[in-house]
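Analysis of the macromolecular model
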Amino acid sequence: MAAPLTLLLLVAVTVRAALYRSSLADLISERVEVVSPLTAWKRVVEGLALLDLGVSPYSGDVFHETPLIIYLFHFLVDYAEITFMLADVITAVALYLSVKDYNKQVFRKQKYALEADRYPLDCLELIRSPKEMQYIPLKVAMFYLLNPFTILSCVAKSTCGLNNAVIALFVLSTIKGNSRTHSSPAEGNSIYPLTLCAAALLYLLQRQYIPVNLRRFSFWWFVAQYAFMYLGSLFVIVGLSFFLLGSWDFLPSVYGFILSVPDLTPNIGLFWYFFAEMFEHFRLFFLCVFQINVFFYTVPLSIKLKEHPVFLIFMQLAVISIFKSYPTVGDIALYMAFLPVWSHLHRFLRNIFLVSCVLLACSALFPVLWHLWIYAGSANSNFYYAITLLFNVAQILLVSDYFYAFLRREHHLSHGLYLKRKDGSEATLVLK
Amino acid sequence: MGLLSDPNRRRALISLLTRLNAPICVVCYMAGVAWFMGLAFEPFTLRTYMSENAMGSTMVEERFPAGERALGTGREFSAHKKKAGGMPVDWLVKTMQSRGLEVFTQRFSRRLPFPDEDKERYMVKGTNVYGILRAPRAPRTEALVLSAPCSPGDDNNQAVGVLLGLAQYFRNQVFWAKDIIFLVNEHDLIGMQAWLEGYHHTNTTGMDWSPLQGRGGSIQAALSLELSSDVVTSLDLVLEGLNGQLPNLDLANLFYAFCQKIGVLCTTQGKLQRNDWDSVSGYSHAVQTMMLMVMKQASGRPWGDHGLFLRYHIEAATIKGINSFRQYKTDATTIGRLLEGMYRKLNNLLERLHQSYFFYLMPSLSHFVSIGYYMPAFGLLALILLLRALDLWIQLATPPPGVLSVLTPLVISHLTGVALYTLPIHFQEIAVEHFPVSETEAVVLTAIAVYTAGLALPHNTHRLLTGRGTENGWKVLKLVAVLYLAVLLGCTALINFSLGFILALTLVPVAAFVTPDLCSATPACTLLFSVFLFQELQEMPVSFLDGWMLYLSVISQGILDHALYGSLVYPLVALLVYPCWLLFWNILFWK
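Just so it is clear, the model here is predicted, and its values are computed rather than measured.

1. Let's talk about the UniProt feature "transmembrane region" (unreviewed entry) in chain B
Residue and element names in this part refer to chain B. Under the feature "transmembrane region" (unreviewed entry), the UniProt entry names residues 20-41, 371-390, 402-422, 442-458, 479-504, 510-534, 541-560 and 572-590. Overall, residues 479-504 shows 96% helix and 0% strand. The separation of its end C-alpha atoms is 17 Å. Annotation note: span residues 572-590, helix share 89%, strand share 0%, distance between end C-alpha atoms 26 Å.

Take a look at the structure:
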């Protein structure tokens, strides 16, 4: 497996290097779909310049990334392109290894279930074979590296690539079984990966064979251990940032900025248009509503998917990418990289054609409507927000379609593939 | 969540769509064409109205007196132009200075990629002369532009005369709140491009110009005047600009309102409005006017010197004086009063024109069709492509298709498109060495040669690929090609509706019904057909040979427009439409 992966990495690095040397690099790094006020490379350079002058990089509302990033680039600014390419490579390799491990566990669980005769007889065609699962890790790496969104994000030198690398390393260490310390860098960069720790917790519980029972002591003991390690490492990261920077003003500039959304530059998210037209009186209320929306799906999803924590990680990543305050296409590329893992669900997916057409059309229309709005002056922000809304609706439809397909397959695995009503006639599953 | 989640209803809808796919597509096509033709029918259009409050009424008293003196100045200009053999720079500078303007000149030069045979120029060098009338008591933050081209021969002398007459008259007024820039540009669009680039400090087309020494503020509106006779019978308004961009409809409304007030006949596309909309000839007249606008917008070239202003978000239009065989003649004083009235109103603007529509079609100067009314015509045509795509997807659903077999035709088609875009200009020297043709003919013939060579590709690529003649292979390719065409036409229609609609009209039937046996038309045929149709609409029908020469010149003008002004039609057709259509051509020769 190493040879195809190496070839893929070489191709990906070549494509990115070629684009770095072309004239498109400047054009791409200005696109609002690819960079946001959080992740823009221009702002990192500004922060570095301020740091060199001895001023705090957070003065002046320019730089909004964590101090760790700015100190990393303090030493690596001459090798920035290599750093971003390396981050993409690390993400791809981490996803490759984690999916390989996950597939092994899925196959092992399936084998035990088959031996214990837990599947009804007519759903044998839903059982997965090692042959079909052999190329999935390579496909995952390919989906991430050769996704146009990822390439655009890397060429624009958006720090989203570094965030993706940290999240991928977190997923890898979760699946390998010891994620307590690795989650906090992910959460340190932005607040939203906090929701991933519920999924990681469920995965580790499953791995340790501790049942999720609210009355059992072992469950609460494990949760307490996990929370203690997590909060501890979070404090370590925040403290390290404080010692590097020398003051606490990164807290309002990074976390306060993400939560209070003061900058309303258009992007592919849902926040900017709403808050541009909102009265000051209601701003706090709607801010709370929008931010709770991101975190809220953790609760029902965790309850429903407590047996399938890796799918829960996928759903959480998707929900974060869609509903966060400053999304970019790099975030979308990360959860889309997981789609080959669920390729066995294709027979239950219902709207995949419509969704892919809409996503393709919207990606093509974003630059057209931006041009009409900003340069030609013939359109206005409504046109651009319409495409943003359509894009997000399509993503939500994609995620809910995969959720439906996953649940339906689980239902069939426990109740049989050809469903019968009580009187023996054929039944169909309807989602109400 | 009925339709998307209820499997019974889904199945019923999908079976309906697959059973009746071809009839629904035909019905959609007819409906789209009928909708488009119905747009010119007067009860379906809206009367134009002034949307901007600051330009509400035409309550201005125009008092411009000096029409005859303006014509005299025009005759002096003509004499000096003949003597100087081009732009009489010194005379113009002296005249403008004597009228109290701040005068500046700008030199520019440009070597065209190949000689322009229509205007007979290759190495263009010229000078623009412009004078700024500073607003007496206002900060110098905004400006208006009045321009007249310095054309070779006897054209547009009266325009420059009226411009100078107006400059002298405006100098004596005290109520100007914006600077007025009086511009005389040489070599029409090339000079205008140089001036605009110098004014806005951009350099997108690689032209060589000297920097502007004097500037006004940000330009709010501009008018370009073309007047070649002492008296006119009507005034024609030209709106279409670069890449099919149109100025705000309020500018056209302003012109129309003042023509009504002063009593001058006004036309659009050179056609006078008729009152008998319920008769067949009246309706066909309106259709002709609208189709002329559609064809001009689709060509993507600026049809007057104003066309280049629109790119900088400056509303601009060209006013042409037409002298035909009518009894009632309008003299220069009246034209001067009209322009004075329009500029007084533009002076009142507090912000740029943005209240009225930017996307519209005009079957006549007093009626318009907005984007909300004409987009469904295009939407119906795009729907055909989506229905075909859905049909193909359902046919291919078992087994799931492999996308990799589509990659080879895609890559080869796009490489051919890149060749069509880059080769004609680069190989003109080699072509001139080996063949007895001029450079322009070399460029055009190379383009046609690359185009035809692309048509021969499927036969050759099939010999290279083995086992690609599978039954379902062409369906996968068709699915990808249909979706690609739908997205491409959608994006084109948003930027330039007319180009998108004409391409859709001709390419959608081909794309929807192509199978490995049916024959198809090509985009080149579309262009040829459009050229003939355009000449018919202008009531100057041509014979086949003249039409062919016109066709070749259209291709060369398209390539020149792209090199000189950044028009998008040639790169769009070469790099996107042609490869997309080559995919369909591949399907045709699949076996």
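2. Thoughts on the interface of chain A and chain B
Listed by partner, the interface residues are 22 residues for chain A and 23 residues for chain B. Scanning the region where chain A abuts chain B turns up 0 salt bridges. At the boundary of chain A with chain B, the tally comes to 3 residue pairs in polar contact (both at pLDDT 80 or more). When residues in the side of chain A that touches chain B are grouped by element, the largest group, 11 residues, is from helix α19 (residues 352-375) of chain A.

3. Thoughts on a nonpolar patch on the surface
Residue and element names in this part refer to chain A. A surface patch of nonpolar side chains, amounting to about 380 Å² of accessible area, comprises Leu-7, Val-11, Val-15, Met-142 and Leu-146. The element best represented in the nonpolar patch is helix α1 (residues 2-21), accounting for 3 residues. If you trace the backbone, Met-142 turns up in helix α7 (residues 136-145). Relative accessible area serves as the criterion here: at 36%, Met-142 is assigned to the partly exposed category.

4. Quick look at the environment of B:Asn586
With respect to the helices, strands and loops of the structure, B:Asn586 is situated in helix α20 (residues 569-588). Considered as a pair, B:Asn586 and B:Ser57 are 529 residues apart in the sequence and their alpha carbons are 59 Å apart.

5. Here we look at unusual backbone geometry
All names here are of chain A. With phi around 55°, Lys-157 is a residue other than glycine that occupies positive phi space. With respect to the helices, strands and loops of the structure, Lys-157 is situated in the loop between α8 (148-155) and α9 (160-176). According to the relative accessible area criterion, Lys-157 is buried, its value standing at 17%.

6. With respect to the packing of aromatic side chains
Evaluated as defined, the whole model comprises 62 aromatic pairs over all chains. Put simply, the rings of A:Tyr102, A:Phe311, A:Phe314, A:Tyr335, A:Phe338, A:Trp342, A:Tyr402, A:Phe403 and A:Phe406 pair up and form one aromatic cluster. Note that A:Arg350 overlies the ring of A:Tyr404, its terminal NZ or CZ placed 3.7 Å from the centroid. The side chain of B:Arg301 reaches across the aromatic face of B:Trp303, ending 6.0 Å from its centre.

7. Side note on helix α3 (residues 41-52) of chain A
Residue and element names in this part refer to chain A. The first and last C-alpha atoms of α3 sit 17 Å apart over 12 residues, in line with the 16 Å expected at 1.5 Å per residue. Of the positions making up α3, those classed as buried are Trp-41, Val-44, Gly-47, Leu-48, Leu-50 and Leu-51. Those residues of α3 that are buried lie in contact with α4 (67-76) and α5 (80-115). Following α3 by one or two positions, Gly-54 adopts a phi angle in the positive range, close to 90°.

8. Topic: the sheet that holds strand β12 (residues 367-370) of chain B
Residue and element names in this part refer to chain B. Strands sit in the order β1-β12-β11 across an open sheet of 3 strands; the sheet is antiparallel. Every interior strand has two partners, whereas the edge strands, β1 (46-47) and β11 (360-364), have only one. With 3 bridges connecting them, β11 and β12 associate as antiparallel partners. In the sheet register, Leu-361 faces β12, and the bridge partner there is Val-369. Most of the contacts of helix α11 (residues 371-396) go to β12, to which it runs at about 55°, and overall it touches β1, β11 and β12.

9. Remarks on the sheet that holds strand β5 (residues 179-186) of chain B
All names here are of chain B. Taken in spatial order, the 9 strands line up as β6-β2-β3-β5-β4-β7-β10-β8-β9 in an open sheet, and their pairing is mixed. Both outer strands of the open sheet, β6 (208-209) and β9 (266-268), are each paired with one neighbouring strand and no more. Where strand β4 (residues 142-150) meets β5, 8 bridges bridge the pair, whose relative direction is parallel. Residue Pro-149 lies in a different strand from β5, and its bridge partner there is Asn-185. Set on the sheet, helix α8 (residues 249-262) makes contact with β8 (234-238), β9 and β10 (315-322); between it and β10 the angle comes to about 35°.

10. What about the pairing of β8(B)?
All names here are of chain B. Of all 5 residues that make up β8, 5 are buried, and the element is covered over most of its length. Across the two faces of β8 the burial is the same, with Ser-234, Asp-236 and Val-238 and Leu-235 and Leu-237 all buried. As paired strands, β8 and β10 are joined by 5 bridges and run antiparallel to one another. Considered in β10, the bridge of Val-238 is made with Thr-318. The pairing of β8 with β9 spans 3 bridges and is classified as parallel. Following the sheet pairing, Asp-236 is matched in β9 by Thr-267. This β-α-β element, β8 to α8 to β9, shows right-handed connectivity.

11. As for a positive patch on the surface
Residues and elements named next belong to chain A. A cluster of basic side chains, namely Arg-108, Lys-109, Lys-111 and Arg-207, defines a positive patch on the protein surface. At 3 residues, α5 tops the list of elements feeding residues into the positive patch. Counting through the fold element by element, Arg-207 comes out in helix α11 (residues 196-207). Judged by relative accessible area, Arg-207 falls into the partly exposed class, the value being 36%.

12. Considering the side chain of B:Thr45
All names here are of chain B. Relative to the elements of secondary structure, Thr-45 occurs in the loop between α3 (21-38) and β1. Looking at Thr-45, the relative accessible area reads 10%, which means it is buried. Among the polar contacts listed, one links the side chain of Thr-45 to the backbone oxygen of Glu-42, at a separation of 2.8 Å. Here His-367 takes part through its side chain, which lies 3.1 Å from a polar atom of the side chain of Thr-45. The contacts of Thr-45, once residues within four sequence positions are left out, are Leu-39, Pro-363, His-367, Phe-368 and Val-369.

Calculation notes
- Residues numbered from 1 in each chain as written.
- Chains lettered and ligands numbered in written order.
- Predicted model: local features only at pLDDT ≥ 70, side-chain atom pairs only at ≥ 80, totals over all residues.
- Heavy atoms only, no water.
- UniProt positions renumbered as here; feature names shortened; annotations may be inferred.
- Helix = DSSP H or I, 4+ residues; strand = E, 2+ residues; numbered from the N terminus.
- Contact = heavy atoms within 4.5 Å.
- Salt bridge = Lys/Arg side-chain N within 4 Å of Asp/Glu carboxyl O.
- Polar contact = N/O pair within 3.5 Å; in protein donor to acceptor, adjacent residues only side chain to side chain.
- Patch = residues over 30% accessible without salt bridge, like charges linked within 9 Å, V, L, I, M, F, W, Y side chains within 5 Å.
- Areas by Shrake-Rupley, 256 points an atom, 1.4 Å probe, with all protein chains shown as cover.
- Buried < 20%, exposed > 50% of the residue type's maximum accessible area, 1.4 Å probe, protein only.
- Phe/Tyr/Trp six-rings, centres within 6.5 Å; stacked < 30°, edge-to-face > 60°.
- Lys NZ or Arg CZ within 6 Å of the ring centre and 35° of its normal.
- Expected span 1.5 Å × (residues − 1).
- Pairing = 2+ DSSP bridges.
- Axes fitted to C-alpha atoms, helices over the stretch in contact; angles between N-to-C directions.
- Right-handed = clockwise from strand over helix to strand, strands pointing away.
- Lys, Arg positive; Asp, Glu negative; His and termini not counted.
- Charge placed at Lys NZ, Arg CZ, Asp CG, Glu CD.

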